[in-house]
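For reference, the chains in residue letters:
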Amino acid sequence: MKPNTVIKTSNLNKIFPIGGEDFYALKEINLEVNEGEFTGIVGPSGSGKTTLLNIMGSLDKPSQGRISFMGNDITNLAAKKSAVLRSESIGFIFQTYNLLPVYTAYENLELPLILLKMSSRDKKKAIMESLEWVGLTDKKDSKPSQLSGGQCQRVAIARAMVKNPKVILADEPTANLDSENSHIILKTMETINRESKTTFVFSTHDDKVIGYLKRKITLIDGSIKSDEIF
Amino acid sequence: MITKIALKNVLAAGLRTWLNTFILALTMIIIILLQGMYDGMMTQISKSRISEELGNGQYWHKNYDPFDPLTLQDSHAEIPNPLKDAVQKREAVPVLMISGSVYPRGRVLPAILKGIPANQTILQLPFDKLSTQSPEGTIAAMVGKRMARQTQLAEGDIITVQWRNSKGAFNAIDLIIVHIFESEVPAMDQGQIWLSLSDLQKMNLSPQHATIIISAKELDGEDLGGTWKSKVLRELLADTIELVKSKKAGGSIFYLMLIFLSMIAIFDTQALSIFKRRKEIGTLMALGMTNRAIAFTFTLEGLFHGIFAAVVTGVLGGPIFWYLQTYGYYIPVSAEQYGIPMSDHMIPDYSAGLIIQTVVIILILLTFISYLPARKITKLQPYEALRGKWS
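Parameters at a glance
- Residues numbered from 1 in each chain as written.
- Chains lettered and ligands numbered in written order.
- Predicted model: local features only at pLDDT ≥ 70, side-chain atom pairs only at ≥ 80, totals over all residues.
- Helix = DSSP H or I, 4+ residues; strand = E, 2+ residues; numbered from the N terminus.
- Buried ≥ 20, exposed ≤ 12 C-beta atoms within 10 Å, placed from the backbone.
- Domains from an automatic or database assignment.
- Contact = placed C-beta atoms within 7 Å.
- Pairing = 2+ DSSP bridges.
- Axes fitted to C-alpha atoms, helices over the stretch in contact; angles between N-to-C directions.
- Parallel < 35°, antiparallel > 145°, perpendicular 65-115°, else oblique.
- Nonpolar A, V, L, I, M, F, W, Y, C, P; charged D, E, K, R; others polar.
- pLDDT = per-residue confidence, 0-100.

Draft legend 1. Expanded view of unusual backbone geometry. Residues and elements named next belong to chain A. The phi dihedral of asparagine 98 falls on the positive side, at around 55°, and the residue is not glycine. Of note, asparagine 98 is situated in the loop between β6 (90–93) and α3 (105–115). Take asparagine 98: there are 22 C-beta atoms within 10 Å of it, and that puts it in the buried class. Its identity is not glycine, yet glutamate 172 carries a phi of approximately 50°, on the positive side. Looking at the element boundaries, glutamate 172 is found in the loop between β7 (167–171) and α6 (179–196).

Draft legend 2. How the structure looks around the domain arrangement of chain B. Taken domain by domain, chain B consists of domain 1 (2–50 + 239–386) and domain 2 (57–217). Using only C-alpha atoms to locate each centre, domain 1 of chain B and domain 2 of chain B end up separated by 51 Å.

Draft legend 3. Inspection of helix α8 (residues 278–287) of chain B at higher detail. When you tally the buried positions in α8(B), you get eight out of 10 residues, the bulk of the element. Three or more residues of α8(B) are buried, namely Glu280(B), Ile281(B), Gly282(B), Thr283(B), Leu284(B), Met285(B), Ala286(B) and Leu287(B). At its buried positions, α8(B) is contacted by α2 (79–89), β6 and α3 of chain A together with α9 (291–327) and α11 (382–386) of chain B.

Draft legend 4. Quick look at the pairing of strand β2 (residues 21–34) of chain A. All names here are of chain A. Sheet topology note: the strand β1 (residues 5–18)/β2 ladder contains 10 bridges and is antiparallel. Bridge pairing links proline 17 to aspartate 22 in β2. Between β1 and β2, which follow one another and run antiparallel, lie two residues, and glycine 19 among them has a positive phi close to 55°.

Draft legend 5. Quick peek at the sheet that holds β1(A). As summarised here, the arrangement of the four strands in space is β2-β1-β4-β5 (chain A), forming an open sheet in which the pairing is antiparallel. Looking along the sheet, the strands with just one partner apiece sit at the ends: β2 and β5 (72–73) of chain A.

Draft legend 6. The arrangement of the packing of helix α2 (residues 15–54) of chain B against helix α7 (residues 238–276) of chain B in detail. Residue and element names in this part refer to chain B. The geometry of α2 relative to α7 is characterised by a closest axis approach of 10 Å and an angle of 175° between their N-to-C directions. The angle between the axes of α2 and α7 places the two elements in the roughly antiparallel class. Looking at the contact of α2 with α7 residue by residue, the class counts come to 15 nonpolar, seven polar and four charged.

Draft legend 7. A look at the sheet that holds strand β9 (residues 215–220) of chain A. Residues and elements named next belong to chain A. If you walk across this open sheet you meet the six strands as β6-β7-β8-β3-β9-β10, and the pairing is mixed. At either end of the open sheet lies a strand with only one pairing partner, and these are β6 and β10 (223–229). Neighbour-to-neighbour, the strand axes of this sheet turn through a mean angle of 15°, independent of strand direction. For β9 and β10, the ladder comprises six bridges, and the chain directions are antiparallel.

Draft legend 8. Region of interest: the confidence of the model for chain B. All names here are of chain B. With 96% of its residues at a pLDDT of 70 or more, chain B has an overall mean of 89. Looking over chain B, one finds the lowest element-wise mean pLDDT in strand β13 (residues 345–346), namely 77, and the highest in strand β8 (residues 192–196), namely 95. Here the complex is predicted with pTM 0.77, and the ipTM for its interfaces comes to 0.91.

Draft legend 9. Seen up close, the interface of chain A and chain B. Of the residues lining the interface, 17 residues belong to chain A; the matching set on chain B comes to 17 residues. At the level of elements, α2 and α3 of chain A are the ones that each hand at least two residues to the side of chain A that touches chain B. Its residues assigned to classes, the side of chain A that touches chain B shows 11 nonpolar, three polar and three charged.

Draft legend 10. Layout of the pairing of strand β10 (residues 212–215) of chain B. Residues and elements named next belong to chain B. Here β10 shows a buried face lined by Ile212 and Ile214 and a second buried face lined by Ile213 and Ser215. As paired strands, strand β1 (residues 57–61) and β10 are joined by three bridges and run antiparallel to one another. Each residue of the ladder has a partner; that of tryptophan 60, found in β10, is isoleucine 212. The pairing of strand β3 (residues 92–103) with β10 spans four bridges and is antiparallel. Paired with alanine 92 across the strands is serine 215, a residue of β10.

Rendered as structure tokens:
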């Protein structure tokens, strides 16, 4: 049975006006990301990886072409609907973790659930489950300043996971981590992907990450140069 | 949810929050202190003048001008018939005024001689002392403390007074000072000598005459014939109202400056906070918060400074307001030179309405000022915020 398409782009271009000229950050991107994939968009710096990830996550809009999410066209989605989409269906993991510094690990995970207006009981259950996934239940009352880099990123993964999103978009998730922590993070995400069938899309140029990928989309100068499935 | 987020962020800011809170609280306290002082001044002066000078309204002889003593000669007439009954029942008090000169300790001073019934009950001054028996050849008189100070008179002193009666003849007599009274109203004291009405009417050869008639009841504004003009209380207090208004206006400039400075502090704090937390704003957008909700959160953070300040105002300012409203301010004697009819203690008026109004106005301004830098967030793109861009 053909898996469901989570994200689909058609002739997608992203143009930035620079110095009076049009700069194509993305050129004619046509791809489909299916449910349960563990996919990476790889390429050198400036190849357009983050730009593509932002458009996939409805954080940015394409200049030309179309993009759909779970079969719904999100090309020109209004800001409010875009926020709802991200709130309900998309999780993000950032290079610099982007945890809110004044909140504990528990509260950082609580925030996306508050936006979904979940009940207190359901929230607590979901948060503790997520923290268990990443092995940090004992750190639930710690603030980011009290956690190591690896722990912060694991909390960020838990935050992305806590609302059971359709897809998790991870932008250079291991860039600020050492080798050991990078592998811990990647193994955690791989386990989540395998057991919960959550789709993962990475933007990376880290070989450690590439080694875990099931599908590698290579982006060079804004165009897809290759699309390999392992 | 937004309230919880905003509150947490404000509390996490630590010293910055408490400094802003302190500045705002100080602004609120100073404004309330000043406003309460002026409100109290207005109340106290009005009360004093009503109880010691104006009653609830007056009828003036058509020629009477309180600012021109030269009009006194021709500004008296027989008490009108419609008021005779009220005078009899002590619901109205006639006062006769004539110009004269007094000779205390060999000096000569102009004075206004005022005659008032000793048994009157409308004005809260001890004019009943005028019914004291005086030695032969003298007439009982009273002066206020200010007049006594000016003329160096004491109780029991005898002074000569000269006047011109209604027939144009000059005459003189000795007055014995039977009482020196205290009044908060300089207009009842300075440059005046009080005698019993019947004595002054005899001296002036104008029986049943008065210059003004003070009413215990509020007037309807209707004049009595062509001779007596009605002066309602509001008209009589107009100069007091204008005086306090002008002082309030001066005070307003001061606290407008205070409000301006404290709003600048809040604006700066907000702008810096938003700039410093660009990435956090991007993260909140990525998590699914709308731009408007984020802008509202930051606005609320600014407003929380004001709410904390209101609490501090209540805690710190409350006892101060209570103390001053109970014991008052001491007014130096020099304040009399400004013609302010007040006692040596002024009781300010810190009503709940004043406090609430001040706090609410500042909170409204604060909300607006907090929103100004935050409104930029509504235009921000998530990917720009995540990059820390702020165009």
